[in-house]
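Here is what each chain is made of, one letter per residue.
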Amino acid sequence: MLLGAVALAGTLGMAAMPANADGERFVLVSHAPDSDSWWNTIKNAINIAGEQMGVTVEYRNPPTGDLADMARIVEQATASNPDGIIVTIADFDVLSGPVNGAVDKGIPVITINSGTKEQSEKLHALLHVGQPEYDAGFGAGKRAKEAGVTKFLCVNHYITNPASVERCQGYADALGVELGNQMIDSGQDPAEIKNKVSAYLRANPETNGILTLGPTSAHPTIAAVQEGGLVGSMHFGTFDLSGEIAEAIKGDVIAFAIDQQPYLQGYLPVVFLTNYARYGVIPASHVNSGPGFVTKSNIAQVEKLAGEIR
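Predicted model, so just to flag it, every value in this text is computed and none were measured.

**Considerations on the domain arrangement of the protein**
How big an interface is tends to be reported as the loss of accessible area on association of its parts.
Then comes step 1: By the assigned domains, the protein splits into domain 1 (25–131 + 261–289) and domain 2 (133–259).
Then comes step 2: Using only C-alpha atoms to locate each centre, domain 1 and domain 2 end up separated by 28 Å.
Then comes step 3: Taken together, the contacts link 17 residues of domain 1 with 17 residues of domain 2.
Then comes step 4: Across the interface of domain 1 and domain 2, roughly 1200 Å² is buried in total on both sides, 40% from carbon and sulfur atoms.
Then comes step 5: Considering only the side of domain 1, the residues that lose the most area to domain 2 are Trp38, Gln131 and Gln261, jointly responsible for 42% of the buried surface there.
Then comes step 6: Scanning the region where domain 1 abuts domain 2 turns up 0 salt bridges.
Then comes step 7: Looking at the side of domain 1 that touches domain 2 residue by residue, the classes come out as 5 nonpolar, 10 polar and 2 charged.

This is the structure in C-alpha cells:
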C-alpha cells in the first residue's frame, strides 16, 4: 500500500507540471511615456506574474508617448516572435494594422487598459482586461452631480488618447452639460499643468467641479486648488491613485479617486497567456478591472499599497 501511495503521489506530481516549462516570453506594449509613474503598478504586476508563472515579460513603451512610435514597437514585438503580446488600444486606427499583423502571424494578443471590448474584438484579440472608460467617467459625473457640480474643468494630460476624452465625455453627460472647452489639453509638464488649471479657474470663477485623469494631472491640480484657496468649495475627483492623491483624499482636497485596479491589468494577462500557451485555456469573456471608488471612508485600506498594487 505504501509503495502504491508513493507511486500515485508521483503520478499526481507529474500531472501537475506544466506542459511547457521552458519559460514562455511575452511582451507588454503600452502607450505611456516614461514620465507617467502610474504605470509602475502594471510594471510591478507583470514582474510578479512572471516570477509566479515562470515566464519572461518584457515591458516596452514609446518614451514620449508618441502613438506612431508605439505602433512601430508593436511591429518590432511581433517580429521578435513572442509567445504572446499584451497591448493597450490607445488609438484603434493607429494600432489596428500592427495588432492585426501580430494576430495574423498566430501570436495570441490580449488588450488592456485603453480601448473598448468592441475594439478588442475587432482586433481579434483573445479578450480585454480594463475599465470601461466612458462608464467610469459617467460614474464620476453622477457623484459630482449629487454634490451640486454644474460647471467643471476636465484636466486632460493625454488628449491624443481617445480613451481619455471618453472619461471627460462621460463626466459631462452625467452632469447633463456639453463638454466643450471645459476639457483642456494640459500637456504633461507639472508646472504647465498647474498654470493652465489656475488660469482656467481664474477665467471661469463659476467652475465648481474638477476631474483629473491620473496622477500626472492630479498632482499639479492639487497644488492649484490649495494655492487658490479652493479646498472645501471645489468638488475634485480624479482617476487613479498615488501617495499624494491618497493624502489629498484624507485632507478633503479630493473627494474620490477612481481605481481601475491596474495591478489586475498587468497580472491577469500574463497568467491568461501562460495558461493559453501551455494548456490552450482562456476565459470566455472580457474582464472589467474597474471602476471602483476610493474615498475618505476606505482610503486606509488601500493607501499603503498605492503605486505598487493599487
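**As for helix H9 (residues 215–227)**
Then comes step 1: For H9, which comprises 13 residues, the first-to-last C-alpha distance of 18 Å matches the rise-based estimate of 18 Å (1.5 Å per residue) to within 8%.
Then comes step 2: Listed in full, the buried residues belonging to H9 are Pro215, Thr216, Ser217, Ala218, Pro220, Thr221, Ile222, Ala224 and Val225.
Then comes step 3: The elements touched by buried residues of H9 are strand E6 (152–156), helix H8 (190–203), strand E8 (209–212), strand E9 (235–239) and helix H10 (243–250).
Then comes step 4: Positive phi shows up at Gly229, right after H9, with a value of about 65 degrees.

**Brief notes about the sheet that holds strand E2 (residues 56–60)**
Then comes step 1: Spatially, 6 strands are ordered E2-E1-E3-E4-E5-E11 in an open sheet, and the strand pairing comes out parallel. Where the open sheet ends on each side, the last strands, each with one partner, are E2 and strand E11 (287–288).
Then comes step 2: Examined bridge by bridge, strand E1 (residues 25–29) and E2 share 5 bridges and lie parallel to one another. Opposite Arg25, over in E2, you have Thr56 as the bridge partner.

**Some thoughts on the packing of aromatic side chains**
Then comes step 1: Taken as a whole and judged by the stated rule, the model has 5 aromatic pairs.
Then comes step 2: When the ring of Trp38 is compared with that of Trp39, the centres are 5.2 Å apart and the planes differ by 80 degrees; the resulting orientation is edge-to-face. Summarising the burial analysis for this pair, Trp38 and Trp39 share the class buried.
Then comes step 3: An angle of 75 degrees between the planes, with centres 5.4 Å apart, marks the rings of Phe256 and Phe293 as edge-to-face.

Criteria and cut-off values
- Residues numbered from 1 in each chain as written.
- Predicted model: local features only at pLDDT ≥ 70, side-chain atom pairs only at ≥ 80, totals over all residues.
- Heavy atoms only, no water.
- Domains from an automatic or database assignment.
- Contact = heavy atoms within 4.5 Å.
- Buried area = accessible area lost by both parts, 1.4 Å probe.
- Salt bridge = Lys/Arg side-chain N within 4 Å of Asp/Glu carboxyl O.
- Nonpolar A, V, L, I, M, F, W, Y, C, P; charged D, E, K, R; others polar.
- Helix = DSSP H or I, 4+ residues; strand = E, 2+ residues; numbered from the N terminus.
- Expected span 1.5 Å × (residues − 1).
- Buried < 20%, exposed > 50% of the residue type's maximum accessible area, 1.4 Å probe, protein only.
- Pairing = 2+ DSSP bridges.
- Phe/Tyr/Trp six-rings, centres within 6.5 Å; stacked < 30°, edge-to-face > 60°.

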